[in-house]
Amino acid sequence: MGSLSNPKAPDLPPSPSSQGRPTRAALGISSEPGDDTIPSVATVLVVDDEPKIVQLVRDYLENAGFAVITATDGQAALRTARTGHPDLIILDLGLPVVDGLDVTRSLRREAAVPIIMLTARTDESDKLVGLELGADDYVTKPFSPKELVARVRAVLRRAQGMERQSDIVRVGTDVELDVPKMEATIGGRHIDLTRTEFELLATMARQPGRIFTRAQLLSAIRGVAFESYERAIDAHVKNIRRKIEPDPRAPRYLLTAYGVGYRFADAPR
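Owing to the predicted nature of the structure, the values given are computational and were not obtained by experimental measurement.

Chemist: Explanation requested: the pairing of strand E3 (residues 88-92) in the structure shown.
Modeler: Residues in a regular strand point their side chains to alternate faces of the sheet. In terms of burial, E3 is largely enclosed, as five of its five residues are buried. The side-chain alternation of E3 yields two buried faces, one formed by Leu 88, Ile 90 and Asp 92 and the other by Ile 89 and Leu 91. Of the pairings in the sheet, the one linking strand E1 (residues 43-47) to E3 comprises four bridges and is parallel in character. Bridging across to E3, Leu 45 finds its partner in Ile 89.

Listed below in structure tokens is the structure:
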């Protein structure tokens, strides 16, 4: 099954459930190595006002081994999140009653549940606001249901990893950060970093693959984010790259998410 051609139009791909519950193989979904870090039956709350999208996403998630609960507006999403205690929320931004961004604000005041934004909005500012509010990832419509399942797995793995945080941060086989000693070893080399540089690097390395906005990084190292200081993050990133990258002009560890911010590579090339 391909990507959704137009999530607001009636010509969505037929839901697999219309002919009975399909097998994982029929949907092209299989278990992946490392899924043992995800709760045995993780519950995902799917929030969207389009029933066809809800059903399609539900089918793919359930056949990937997840339990699924749903809501179709912002108020229902908040109620269901509070009573259903989901492990992750897929949240459409264009919701009736209460907008998805307002739902995110409310959720972040109450819990740290991972959130993947699902949006038809192409305006970059919407994505930035959502990420700054604390969303963990975003998927733009039209989307591939199989890619969405993969992103759910990835975000849950990162969330589970954060719950088991240790004083030693490792990414792959060549990145190790000793947090109490503020020592970084990358590619077998000891890296001399300032405190701010180390804090920035550790923040991103703890969640490889996650995109951080400048505001989120500034908040992580300073406890507050002021827009006038956000570009200072660029200078710190430039310095970190100069120290850790074999070629700062073609970074393999600290990557740019154009128009959004930065991320630490989850599989350094």
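That shown, we press on.
Chemist: Can you walk me through the layout of surface pockets in this structure?
Modeler: One water molecule sets the probe size; rolling that probe over the atoms shows where empty space is left. In this structure, the second largest pocket spans a volume of roughly 270 Å³. Around the second largest pocket, the lining is made up of 16 residues, and of these Asp 137, Tyr 138, Arg 151, Gly 209 and Ile 211 lie nearest the centre. Broken down by secondary-structure element, the contributors of at least two residues to the lining of the second largest pocket are strand E5 (137-140) and helix H6 (145-163). Grouping the constituent residues of the lining of the second largest pocket by class yields six nonpolar, two polar and eight charged.

Chemist: Would you mind going over the pattern of salt bridges with me for this structure?
Modeler: Side-chain pairs of opposite charge can arise whenever the charged atoms involved come near each other. This structure, assessed with the given rule, holds 11 salt bridges. Salt-bridge contacts for Arg 252 lead to Asp 174; the nearest nitrogen and oxygen are separated by 3.8 Å. In this pair, Arg 252 sits in the loop between helix H9 (232-244) and strand E11 (254-257) while Asp 174 sits in the loop between strand E6 (168-171) and strand E7 (175-178), placing the two residues 78 residues apart along the sequence. We classify Arg 252 as partly exposed; its relative accessible area is 24%. Across the pair Asp 234 and Arg 214 runs a salt bridge whose closest N-O atoms are separated by 2.7 Å. Of the two residues, Asp 234 is situated in helix H9 and Arg 214 in helix H8 (residues 214-222); the sequence distance between them amounts to 20 residues. Assessed through its relative accessible area of 17%, Arg 214 is described here as buried.

Chemist: Help me understand the side chain of Thr 43 in this model?
Modeler: Looking at the element boundaries, Thr 43 is found in strand E1. The class for Thr 43 is buried, based on a relative accessible area of 18%. With residues near it in sequence (within four places) discarded, Thr 43 still touches Ala 67, Ile 69, Pro 86, Asp 87 and Leu 88.

Chemist: Help me understand the packing of helix H7 (residues 195-205) against H9, please; the structure alone is not making it clear to me.
Modeler: Two quantities define a packed helix pair, namely the angle between the helix axes and the distance between the axes. Direction vectors running N to C along H7 and H9 enclose 85°, while the axes themselves pass 10 Å from each other. Viewed along their axes, H7 and H9 adopt a mutual orientation that is roughly perpendicular. Across the interface between the two elements, Thr 196, Glu 197, Leu 200 and Leu 201 from H7 touch Ile 233, His 236, Asn 239, Ile 240, Lys 243 and Ile 244 from H9. Taken together, the residues of the contact of H7 with H9 sort by class into five nonpolar, three polar and two charged.

About the criteria used
Residues numbered from 1 in each chain as written. Predicted model: local features only at pLDDT ≥ 70, side-chain atom pairs only at ≥ 80, totals over all residues. Heavy atoms only, no water. Buried < 20%, exposed > 50% of the residue type's maximum accessible area, 1.4 Å probe, protein only. Helix = DSSP H or I, 4+ residues; strand = E, 2+ residues; numbered from the N terminus. Pairing = 2+ DSSP bridges. 1 Å grid on protein atoms, 1.4 Å probe; cavity = no way out; pocket = protein on both sides within 12 Å on 5 of 7 lines; lining within 4 Å. Points joined across faces, edges and corners; volume = space filled by probe spheres on them. Nonpolar A, V, L, I, M, F, W, Y, C, P; charged D, E, K, R; others polar. Salt bridge = Lys/Arg side-chain N within 4 Å of Asp/Glu carboxyl O. Contact = heavy atoms within 4.5 Å. Axes fitted to C-alpha atoms, helices over the stretch in contact; angles between N-to-C directions. Parallel < 35°, antiparallel > 145°, perpendicular 65-115°, else oblique.

Such coordinate-based values are descriptive only and should not be taken to indicate function.
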